[in-house]
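Take a look at the letters that make up each chain.
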Amino acid sequence: MNLVLVAHGTRRPAGLAMIGDLAENVSRLLDRTVHVAFVDVLGPTPSEVLSSGAVAHQPTTVVPAFLSRGYHVRTDLPAHVAASGHPRVTVTPALGPSHQIARLVGEQLLKAGWRPGDSVILAAAGTSDPVARTDLHTTATLVSALTGSRVELAFAATGNPTVAEAVANARRRSGRPVAVASYLLADGIFAHQLRNSGADVVADPLGTHPRLARLIANRFHRARAPLAA
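The written sequence of each chain sets the order in which its residues are numbered from 1. In keeping with the model being predicted, local features are shown solely for residues with a pLDDT of at least 70 and side-chain atom pairs are shown and tallied solely at 80 or more, while totals for entire chains, interfaces and linings include all residues. Only hydrogens and water are set aside when side-chain values are computed; all heavy atoms of the structure are taken into account.

Visitor: Just checking my understanding: could you explain the environment of Val26 for this structure?
Guide: Note on placement: Val26 falls in helix H1 (residues 13–30). The buried category is assigned to Val26, whose relative accessible area is 1%. For Val26 and Arg173, which are 147 residues apart along the polypeptide, the C-alpha to C-alpha distance reads 42 Å. What Val26 contacts, discounting residues up to four positions off in sequence, is Val34, Ala213, Ile216, Ala217 and Phe220. We count a stretch as a helix when DSSP gives it H or I for four or more residues in a row; a strand needs E for two or more, and each element gets its number in order from the N terminus. Accessibility here uses a 1.4 Å probe with only protein chains present; expressed as a share of the type maximum, an area under 20% marks a residue as buried, one over 50% as exposed, and anything in between as partly exposed. A contact between two residues is defined here by any heavy atoms of the two lying within 4.5 Å.

Here it is in structure tokens:
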């Protein structure tokens, strides 16, 4: 059984290192090599990994390391699987939305310095996909339940308000400190925008949370169980 972790991709060395470290941690947990593929910005692409000699023609499980079910998960990745010609691929659901991911978001916020009463902005990369936007609102609701206050959704790229606008609006409304919860997997240009949004507290991307590797390993394990039965 081959294992492939699919991420978005970034040219920032810190982001690539974060994805690489995440895959290595999952590999250690499963005692199996986890291959990495990227759907954008750089390669190897999922179709390239799936058609490579190390993976082709053997049962393969793919985990999309995405936090919502947007274009890359519902359209791009299936197209790569089809283009690879690989006959035995199982693709798991995306990582989010889920209660487990929401808890990681809350723990990252607390680690960054959030305190009860602070205004909270959930900062995502952004999307025009309606399914993904619904997923993002679901996560905002889950994080609201954890923090005990309303969490506003904002975007680093596609969508309104921008993170900087949301931070300014929250501070103007309440006068309280503003915390930004990063709904990003890894470091990159969007994470840089969050750090420069003017917020009092900015959480690290979820890829730095030590339990994310365990969550991904469990996705691989559950997908493999029916094939092993």
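Visitor: Just checking my understanding: could you explain the side chain of Asn2 for this structure?
Guide: For Asn2, the position within the fold is in strand S1 (residues 2–7). Excluding anything up to four places from it in sequence, Asn2 contacts His35, Ala54, Val55, Gln58, Pro59, Thr60 and Thr61.

Visitor: Mind showing me how you'd approach the packing of helix H4 (residues 99–112) against helix H5 (residues 130–147) here?
Guide: Packed helices, taken two at a time, are described by the angle their axes make and the gap between the axes. Lines are fitted to the C-alpha atoms to define the axes, a helix being fitted only along its stretch in contact, and any angle between axes, read from their N-to-C directions, falls within 0 to 180 degrees. At a minimum axis separation of 9 Å, H4 and H5 run at an interaxial angle of 50°. It follows from the interaxial angle that H4 and H5 lie oblique. Here H4 and H5 pass one another in a crossing that is right-handed. From H4, His99, Ala102, Arg103, Val105 and Leu109 reach across to H5, where they touch Leu142, Val143, Leu146 and Thr147. Lys, Arg, Asp and Glu make up the charged group, whereas Ala, Val, Leu, Ile, Met, Phe, Trp, Tyr, Cys and Pro make up the nonpolar group; the residues left over, Gly among them, are polar. Split by residue class, the contact of H4 with H5 holds six nonpolar, two polar and one charged. Should an angle lie under 35 degrees it is considered roughly parallel, over 145 roughly antiparallel, and from 65 to 115 roughly perpendicular; all remaining angles are considered oblique. Should the near helix be turned anticlockwise from the far one by less than a right angle, the crossing is left-handed, and should it be turned clockwise, the crossing is right-handed.

Visitor: Which parts of the structure should I look at to understand the sheet that holds strand S3 (residues 60–64)?
Guide: By definition, the strands of a sheet pair up through backbone hydrogen bonds, in either a parallel or an antiparallel sense. Pairing between two strands requires that DSSP report at least two bridges joining them. The four strands lie next to each other as S2-S1-S3-S4, forming an open sheet whose pairing is parallel. Single-partner strands in this sheet number two, and they are strand S2 (34–38) and strand S4 (89–91). Direction aside, the axes of adjacent strands within the sheet are offset by 25° on average. Packed on one face of the sheet, H1 meets S1 and S2 and runs near 150° to S2.

Visitor: Sorry, what's going on with the nonpolar core here?
Guide: Where a protein is soluble and globular, its nonpolar side chains tend to be buried together. One finds Leu95, Ile101, Tyr183 and Ile216 to be the most contacted residues of the largest nonpolar core, which totals 45 residues. Taken domain by domain, the makeup of this core includes at least three residues from each of domain 1 (2–95 + 209–224) and domain 2 (99–203). Among the nonpolar cores identified, the runner-up in size contains 14 residues, and Ile121, Ala154, Ala166 and Val180 belong to it. Working definition of a nonpolar core: buried Ala, Val, Leu, Ile, Met, Phe, Trp, Tyr and Cys residues. They are joined through side-chain atoms within 4.5 Å. Domain delimitation in this document rests on an assignment produced automatically or drawn from a domain database.

Visitor: Teacher, can you tell me more about helix H6 (residues 163–174) here?
Guide: An α-helix turns once every 3.6 residues. As a result, residues three or four positions apart point the same way. Expected helix span is given by 1.5 Å per residue-to-residue step, counting one fewer step than there are residues. Over its 12 residues, H6 extends 16 Å from the first C-alpha to the last, a length consistent with the 16 Å expected when each residue adds 1.5 Å. Within H6 the residues assigned to the buried category are Val163, Ala166, Val167 and Ala170. For H6, the arc enclosing every buried residue in end-on projection is 100°, short of the 170-degree limit, so these residues lie on one face. In this structure, the buried residues of H6 make contact with strand S5 (119–124), strand S6 (151–155), strand S7 (178–182) and helix H7 (189–195). In the stretch just after H6, Gly175 is the one whose phi turns positive, near 75°. Working note: the arc is built from the helix axis to C-beta atom directions.

Visitor: Help me understand the layout of surface pockets, please; the structure alone is not making it clear to me.
Guide: It is the rolling of a water-molecule-sized probe over the atoms that shows where space remains empty. Only protein atoms enter the calculation, which uses a 1 Å grid: trapped sets of points that fit a 1.4 Å probe without letting it out are cavities, open sets showing protein on both sides within 12 Å along at least five of seven lines are pockets, and any residue with an atom within 4 Å of a point is a lining residue. Grid points are joined across faces, edges and corners, and a volume is the space filled by probe spheres set on the points. Approximately 890 Å³ is the volume found for the largest pocket. Taken together, 36 residues line the largest pocket, and the ones lying closest to its centre are His8, Phe66, His72, Ala125 and Phe190. At the level of secondary structure, the elements contributing two or more residues to the lining of the largest pocket comprise H1, helix H3 (71–84), H5 and H7. Split by domain, the lining of the largest pocket shows at least three residues from each of two domains, domain 1 (2–95 + 209–224) and domain 2 (99–203). Looking at the second largest pocket, its volume works out to about 170 Å³. When residues of the lining of the second largest pocket are traced back to their parent elements, those giving at least two are H4 and helix H8 (212–228). Ranked by the residues each element gives to the lining of the second largest pocket, the list is headed by H8, at five residues. When the residues that make up the lining of the second largest pocket are grouped by side-chain class, the tally is two nonpolar, two polar and five charged.

Honestly, that's just the spatial picture; any functional story needs more than this.
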